[in-house]
Each structure stands twice: as C-alpha cells, then as structure tokens.
Amino acid sequence: MRKSFDPTTMLSHITVDKVGVEERVARFQTRSIKSESKLQGLKMVLNMIDLTTLEGKDTPGKVQQMCYKAQHLHDVHPGLPCVAAVCVYPSMVGTAKKALSNSSVKIASVSTAFPSGQSTREIKISDTKFAADEGADEIDMVISRGKFLAGEHSFVFDEIAAIKEACGKARLKVILETGELSTLDNVRLASDIAIHAGADFIKTSTGKIQPAATMQVTYTMLMAIKDYFDKTGIMVGMKPAGGISTSKLALHNLVMVKEVLGNAWLSNDWFRFGASSLANDVLMQIIKTETGLYQSTDYFSID
Amino acid sequence: MANTNSSKIAPEWNYSPAPENTHHIRLEKKYQLFINNEWVAPSSKKYFPTTNPATEEVLAEIAWANDADVDKAVKAARKAYREVWSKLSGAEKGRYIYRIARMMQERAREFAVIESLDSGKPIRESRDVDIPLACNHFFYYAGWADKLEYASPAKNPESLGVAGQIIPWNFPLLMAAWKIAPALAAGNTVVLKPAETTSLTALKLAEIIQDAGLPAGVVNIVTGHGDTGAAIVNHPDVDKIAFTGSTNVGKIIQRAIIGTRKKSTLELGGKSANIIFDDAPIDQAVEGIVNGIFFNQGHVCCAGSRLFVQENVAERVIQKLKSRMESLYVGDPLDKNTDIGAINSKEQLQTIQKYIRIGKEEGAEIYQSGCTLPSKGYFCRPTLFTGVSQSHVIAQEEIFGPVLTIQTFRTLDEVIQKANNSPYGLAAGVWTDKGSRIFNLTTKLRAGVVWANTYNKFDPVSPFGGYKESGFGREGGIHGLSAYLK
Amino acid sequence: MDILKTYKIYIGGSFPRTESGRYYPIADATGKTLANVCLSSRKDVRNAVVAARKAFGGWSEKTAFNRGQILYRIAEMLDGRKGQFIDELMDQGISKSKAEKEVEQSVDRVVYYAGWADKYQQVASSVNPVSSSHFNFSALEPMGIIGIIAPQENSLLGLIELAIPAICGGNTAVVVASESYPLCSITFAEVLHSSDVPGGVVNILTGKVAELAPALAGHMDINALVSCPLGELQTSLALSCVENLKRNFIYTDPNRQGLNFITDLQEVKTTWHPIESIGGATSSY
C-alpha cells in the first residue's frame, strides 16, 4: 500500500550541526585499518560497488564491456568477489540483462527523468515501469529537489511513494542529490522523507553535481537510517555515490557504517558504493597488500 | 568463471591491532633533576619509579627532589633572571621560545608516544591534541615576548621574577607548556614540578631546552612528590606560584603563601554542567557528551560530568548515548584505534571505583559499556548514572574519571539554577539550536569557559580558567599573560 | 538646641537600625558627641549579603549605558550635597581645605567610573582566533558580591574609590565604613538612595572593622574582598578568604583610580560556538 505523508508522526524536526559532523567524521578518518582487517575491508568494498556508466554516449557495446568487468574484476587473482550491481540508464537495462544472464550481479537502473527529475509524475512512473519491465532489480530514482527547496515536502513524499509502487519487486534507491540541498539539515529532512515514503536505500547523489558523497553527508544519512531502525526495527540501505574513487576513502566509509549502524549493514544488501573508477584502485590495493609491491594501472583492465 | 556475489564477505569486520611504533623513542633508565641546564643527581639520593599504567611496567626511575634541591633550582632561576633573562630584549626572548616550539614540533611523534606510555592516554589524543597544542602554546606566547605593552591596557608590564609552577598528571606536556610559555614570554624564569606519575615528557622537554641553548637556569625542572611541590611553594625567593590540580591542594597553597609577596594563579577542580535542550542537534550533542566526559578517560578538570537533559528528549538522548558508548574502544593506549586508554594510576582507579560504588549505594542506576577490558593495567569502563539528583554525592564531587551523572530538567530557570548550584565554576556546555537562548545561558552560567554546541575545545589563544572554587587567573590568550606580569 | 542624629545603616535600599541594638558615639574635635552610629553585627552582615545577592541579578543585567547613567546621577547628587559632606568632614575634625578637596575628588571619581561603565568591556575583552571552525570570544563578567572594607582615612573618598568601580562593573557590594569617620558614609548612602541605584546594590554598615571584616571574609556567598592594608587583621582575613577561594585584593598604592579597580573584580568568560561554512557547489561538504 502506498504510504501517505504524515508530518506529525514522521518528522520531529532534527537539526544537524555541521561542525560537529565534521569532527565526528574526522574521528572515522583517524581509524587505522591494517593487515587482515584491511584486506577483508577491501574485498567488502569490491563486493559493494555498483559499477556505473551514466552518460549520453553510452552504447550497448560500452555496457557489455562493463558487465563483463563486473563479473571478472581481476581474473589473474582468484578468490575475489564480483561487484554488487551495474548501474545504467533504462534504455541499457535490456543489454545489461543479457550480458549478465548467468550472473549474480544485479542490474540497477536510474529513472524518474534522471538526473534533474524535472518531468511529470506520469513520465517518471512510466520511466520506472519501463526499467523494471526490462529486468532491472533495482531502481535509482531522484527526488524533486526544486519542490523540496520550495517547501513542498508532501509532494516529494508522495512522488517517492508513487515510484515505490511502480517499482513492483525492484528495490528502490532514492537519490537526494545532496549537493543541491545546501545544508545538512536539509539532507537529514530529505532522508527522513525518503525513508518514511518507502525507500529501500537512500543514496547521496547522481554523480552529476558536486559536491557528491562526502562523508559528512553520508554520516547524516546514516544517522537517519539508525534513528528509523531504532524506532521501527526496519533496516534501510545506504549508497554514497560520486567522488569515492580511492580505497582509503572507501574504507573510511566502511568504518563509518560499522561504527554508526553496526556490522549488520556491512553487506551489499545494505550498503553500496556508486562508483566508476573505485574498483581498480581497490584491486591495486589488494594486490599491493598481498605482494608488498606498489601497483601500476597498466596491469588492471579498464572497462 | 565469474566471481561470486556473496551478500556478506565476512560475518564480522573488526579492526586488527594497530600499535604505534615505539622504536624511535629514547628513554633513559634513570632521570636526574634539570637545574641550570644540567642534569643533577638529587641531594636526597632518592628516586621513584614511573610506570606505564596500561601494563604496570616501570618505565624509568625519576629523581626525587628535596628542599635542598629545590633551593638549588630556585637559586639558579634567580640568578638567570637577574643576570640574563631580564636583560635580554623581548625579541631575543621570543627567539628562544620560538626555537623551543619548533624543536618540539620536530620531535612530536616521540613526545606523543612517551606521553601515552607514561600517562595511559590514547595515542590518538596525545598525537592529535596534547602535543600539537603544547607546541602551539609555545608558538603563541613566543610572539608576545616583544609586544607586552599591548598585553594589558591598564598596566606597564613588568615581569615578576621566579615562577614556581606545579602541574598535574592529566595533560603532562600540555600543562608544562601552559605554564612555561607565558612565564618566559612575560620575562620570568621558571622552576617547574611535573606530577609524580607523569614526569617523562617534562624531562624530554628539558632536553629540548638544553638543545635550544636557552640560557642556563631560565627553566629548571624538579621532579618529585608532594613534598617537592611544598618546597617550591614555601621557598622564600619565589615570586609567583602557578598551580593546576585539586581544589584541596590549591587551598593549602593559597594558605601557605599568605603574608608573602607571592602572587598566585590556581586552576582547580570542576563539576561542569553540560546542558541539552530539546531543540539541540541531538546527534552532535551526544558526541559532545561523549567528548565531554570520556575525553582523556575523564581526567579533565573541565569534564562535562553533570549532564542535564531536557525531560522531553531525555529518553532518546540516553538511548543514543548508550548506543554510542558501545562503539568506544577501550584498551591499549598505543593502539591507534583506542578511544579510551588507561586510568593514570592505581590510586585514581580506586578513587573512581569508590565513586561508582557510592553512586550505586545512593540508588542511582548504573550503565557501563560492554567492552572487555585488558587483563593487566588500570582500566575503567565508560560509565553513566541515571536517576541522579543534585543531592547525590556523585553529582557534587569531582570524580576525575569516565563517569557521567545524568539529571533531567523541565525549564530554563530550573536548569540555570541547577547548573550554577555548585561551589565550582570552571566550564559549562549548552546545546540548543536557538541563538538567543545560547546567549542568555552563556551569560547566566557562572563558569569561566562556556562551550555552546561543542565541548572540550582548547586553543592557545583561548583563555581558560574558573569562577568560584575552580580557582583564579586565566591561562591562554592575552588574558593568560597578566598572570605573569605586574 | 541641635537635634542629635542617629545614623542608621543601609541594607537592601532601606535604612534599618542594627539588629544588635548597639551604638557608638562619634565625637567632634572638642569631644562633644556629634551623633550615634550603629555598631553593626555579624547578623547585619548576613542580612546585607542576602540583599546584595538578591540585587545582583538585576544590577548585573542592566545595560552598561544604564549603569553609567546611574553612576553619573550619583555624581550629580553628590555634587548637589557638597556642602553637607564638607560640613560633616569638618565636624569630624578635618580641615576645611582638606574636606573640600576630598569631596571634590569624590565627585571626580564617580564621574570617572560613570564614563567607564560602557567602555571597560571593550578595552578588556577579546575575540580569539582559534585554529578550528569556532567563534571564540572572552568577555568580562562581574564576580558577584564584593565585600569592601573602606579605609579609615579619607572616609568618603576611600569608600567611593573601592565601591564605585565594583558596582560600575555590575557587582553588588557590602561595605564596612570607616570606623573612626563613619558619618559621610551614611550620608553617601542617602545619595545612593536618591540616585536610582536599586536597593541592595550597595549596602553600608558602620561598626568595628575587627568585628565586621572577619564576617565578610568568612562569608561563603561573598566572591571577593577588597581593602586597603589592615595590619595584623590582614592575615586572618586572607586565611578566611581561602575557605571559598574568595578573591582578596589589598590596595597599597594611595592612588586609587584606574581601570584595574574595575577589571580586578571581573571574571573572564570565554565562549565557543561552531561556525558553519556553507556554500553552494564550492562548499567543502
């Protein structure tokens, strides 16, 4: 059943102090992840990646190459996991579906007039249904940031609830595009709206706007997930996307998830990285950790 | 074959041990007194051990200065004051202080490791807080040495002479910096006594002072116990006593110097209120509570040990606080991931345990985090008490450990009254999103430092010191200079 | 025949007699009794401290400008009653020229501190550029209740020199008047009373210093003790002050005018608040 907007039960207005958040994040960044925990962490990161291509120039050829990489990250090194999913435009879902037919890698599709979301609800719903019908396991929608900033919170809520309904069996990730929300107070409010409207995941960014998935923003969203879980016992997933291109930053994100939400969230059912170039950096780190040699990009395939 | 997409790579992800390297530090087996830029054996011929509170192992033997040793140090300081330091220009004095600051920075890692070994504080704090702040304190005051005429509009600055300085064990090097830097900048010479459980970094600082070529006798460091401190306080040729420590000892010192020419500044105890309103940024407030009471194992005179939470959010705040306490790592101070290290000494651990017992006997409800403690060393779980009122002993007396008392309140007037309902007045915290309320509260709270929407922040430019029985005088900033000027 | 005036004490804006019912006579140079003066007791000190504590909140929260206005009003009233003060001083054996000079200086002092009321804060405060994202400033706040033992000589001027900077800075005061020359102090209380100074801000007791000063020094609700050198009494007073770490100021220099007479009785309070730096796409978050 579609959820309806009820501001009184949902949002006791929660304020966020940015400087306090920065200090908390700095603490995560001083965690020292060494030896066994580093290797384990890096493998987790690989397994949490939504390998992404979202460009106007995407072609079936490009998507097929990326889908192969998703399943064969670095075949010379056995025992590595594959990524969690590939993330493509709705028009490419069919191609990806075929390329990943025998794979456990999931297919995520952006929708709802990605990335701006500036279209009618009817178009957004049919956009979503098309992607789901083509075989997308996951839908990454964008919220209407203009409406949000204009104070039309119930519009934003209702739209998410409608898209959730249109998703059918597909899991819904709600992109807040935090780089356009201006304050962490807004990030928190938008997170609460998305979660209460039925999001399975909340996601920071489209990757088209800077800043994207900063740790401050991700932390704020994780706290919203934590509060909702503490109140209802329902888990919601988190996907920082955009800007996480190094192993170090990815590990800091894992530290943050572990310390805020606990080990239960440390699987690709509940945590994802939206990234295009992270995987190879992680692979290089893994090989470096095992061999002790610093690596060159020449030895890692680009797809 | 494709790689597998298992939903969980591992059942648990835990941090591997990340011990700080200790190979680079140099420690002597035995430390002498530092008088007149020389290492001098104590005329008492006595030494006492300093131990690592995390392992109970002896780190070094420390000289125990008696009256004669202190006299020797004061004489050296007097001579240096008369013949050298008071004759140098401000700019020249500043150069020396700058040089000390720079040399400390260069040896920051060594200082951090030794501080953690000797005091039990986590390496993350000694590395990121204590040592950088100590260096910066010297940098800050170095620049004042040739600008003293701007320091106080009401006075023509003149140095006092020989300053006797007695510092505590909670921030060993930082407190030494707080004392020595402004004293030197204002043109005084110094006899400093570190706390008996944490002498090492002050003695390492003495090495730097020697290396920096500071004129002999300008800074003298005499180690020892309470009797050594008393010898400084009672020495007739000391012009100034600067003390940081307990209110009880502060009062003894103050009585001892009555009728003498000695000026004094006292940084004493506290039982500071940390106040959370219902409109506060709750998650950051919880961090502030944690930082307020668990920073440095709660061995902080301005610790936010009395928490006041508005009743309509109390349940939520306490639940969040408990959950946050579970993510604090307690253990090896040298592990880079340790949040809470060792209690400084066996005696202090016993004091804390006594108060925890009292709290239980008073009927307050105890909660401690579920972490496992190392089998050796002096450790204490992060602890909080709910159902506390102002009448409880644990809400009145300074515990100086990781023990928080929580009281609820309903109205603004009530919480102001209760926050001020203490003989102490060192610090306070206020958490609210409403600016006008912050300024109302910050003016009504009778405390020398008020942190609004933050807690336990320190900076060389920021004056620190208390109202009422938390002592008098300020350290840090422009106001910290007047303690060393007449 | 002259009316023999009984000088009462000044507590909480009223002129009660001492609760002890004791008095002592003040004689002129010829030995003729001029007036009877209250021989205040420890209980009068207690009552005065209660009044001073009650008045502290309101007085310290008055605007600096307002305190300056009230101080200036004191100067005007004092000036208007110059003749009476000069006569009183002369009655107590002070020469005419000395009496005139003392009253003149007294008016000057009050005007001087009236001018400081809204300026000392600016001179002695600071904005501290900390190395983190916080706004940090240090400002002065009044200590609270100041116990004042007025000097024996220059009974009017001395009282004014110690009490006026205290209240200029928002403190309230309990004053022990000159034991030997108390008359002007009570007349000065009448000036305060008619100058918009709220009751309890300044409380003035007459009597024996040896009896009243220890009561002030030992009182746990007095925040600072101010005096000029007091001889042997000084050590025991200083010891009593330690009980609650009362700040104890003994002014030895006969020149008693300056900013430090205000700032000595102020606490430095440092306040921190985070600074949020928020921008658009260029923001760091």
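Residues numbered from 1 in each chain as written. Chains lettered and ligands numbered in written order. Predicted model: local features only at pLDDT ≥ 70, side-chain atom pairs only at ≥ 80, totals over all residues. Heavy atoms only, no water.

Draft legend 1. Representation of the overall build of chain A. Each helix and strand in chain A was counted, giving 12 helices and 8 strands. Scaling as 2.2 N^0.38, a compact globule of 303 residues should have a C-alpha radius of gyration of about 19 Å, and chain A matches this with 19 Å. Among the 303 residues that make up chain A, the fraction classed as buried is 62%. Looking at chain A alone, contacts between residues at least 24 apart form 76% of all its contacts between residues at least 6 apart. Accessible surface, chain A: about 11100 Å² in total, of which carbon and sulfur atoms supply 52%. (Helix = DSSP H or I, 4+ residues; strand = E, 2+ residues; numbered from the N terminus. Rg over C-alpha atoms; globule rule 2.2 N^0.38 Å. Buried < 20%, exposed > 50% of the residue type's maximum accessible area, 1.4 Å probe, protein only. Contact = heavy atoms within 4.5 Å. Areas by Shrake-Rupley, 256 points an atom, 1.4 Å probe, with all protein chains shown as cover.)

Draft legend 2. Broad picture of the side chain of His77 of chain A. Residues and elements named next belong to chain A. If you trace the backbone, His77 turns up in the loop between helix H4 (60–71) and strand E2 (85–88). Among the residues examined, His77 registers a relative accessible area of 16% and is labelled buried. Reaching out from His77, the side chain makes a polar contact with the side chain of Glu290 at a distance of 2.5 Å. Each residue touching His77, except ones within four places of it in the same chain, is listed here: Ile287 and Glu290. (Polar contact = N/O pair within 3.5 Å; in protein donor to acceptor, adjacent residues only side chain to side chain.)

Draft legend 3. Seen up close, the environment of Val233 of chain B. Secondary-structure assignment places Val233 of chain B in helix H7 (residues 226–234). Residues Val233 of chain B and Ala163 of chain B, 70 residues apart in the sequence, show an inter-C-alpha distance of 9.9 Å.

Draft legend 4. Spatial organisation of the interface of chain B and chain A. Taken residue by residue, the interface counts 42 residues in chain B and 51 residues in chain A. Both faces combined, the contact of chain B with chain A buries some 3700 Å², and carbon together with sulfur accounts for 43% of it. Linking Asp283 of chain B and Arg188 of chain A is a salt bridge whose minimum nitrogen-to-oxygen distance equals 3.8 Å. Across the chain B-chain A interface, the total number found is 20 residue pairs in polar contact (both at pLDDT 80 or more). Among the elements of the structure, helix H4 (123–142), helix H9 (282–294) and helix H10 (311–325) of chain B are those that each provide at least two residues to the side of chain B that touches chain A. For the side of chain B that touches chain A, the element with the most residues is H10 of chain B, which contributes 5 residues. Among the residues making up the side of chain B that touches chain A, the classes are represented as 12 nonpolar, 15 polar and 15 charged. (Buried area = accessible area lost by both parts, 1.4 Å probe. Salt bridge = Lys/Arg side-chain N within 4 Å of Asp/Glu carboxyl O. Nonpolar A, V, L, I, M, F, W, Y, C, P; charged D, E, K, R; others polar.)

Draft legend 5. Just the sheet that holds strand E2 (residues 23–27) of chain C, in detail. Residue and element names in this part refer to chain C. Here we have 3 strands laid out as an open sheet, ordered E1-E3-E2, and mixed in their pairing. Two strands in the sheet have a free side with no partner beyond their single neighbour: strand E1 (5–7) and E2. This sheet shows a mean twist of 30° between the axes of neighbouring strands, independent of strand direction. In terms of strand pairing, E2 meets strand E3 (residues 33–38) through 5 bridges, oriented antiparallel. Its bridge partner lying in E3, Ile26 is registered against Ala35. Across the face of the sheet, helix H7 (residues 183–193) comes into contact with E1, E2 and E3 while running at roughly 80° to E1. (Pairing = 2+ DSSP bridges. Axes fitted to C-alpha atoms, helices over the stretch in contact; angles between N-to-C directions.)

Draft legend 6. Region of the structure containing the pattern of salt bridges. Counted by the stated rule, this structure contains 67 salt bridges over all chains. A salt bridge links Asp50 of chain A to Lys173 of chain A; the nearest nitrogen and oxygen atoms lie 3.0 Å apart. Remark: Lys173 of chain A occurs in strand E5 (residues 171–175) and Asp50 of chain A occurs in strand E1 (residues 49–52); sequence separation between them is 123 residues. Of the two residues examined, Asp50 of chain A and Lys173 of chain A, each falls in the buried class. The salt bridge involving Arg109 of chain C is made with Glu161 of chain C; its shortest N-O contact spans 2.8 Å. With Arg109 of chain C in helix H4 (residues 96–116) and Glu161 of chain C in helix H6 (residues 155–168), this residue pair connects regions lying 52 residues apart in the sequence.

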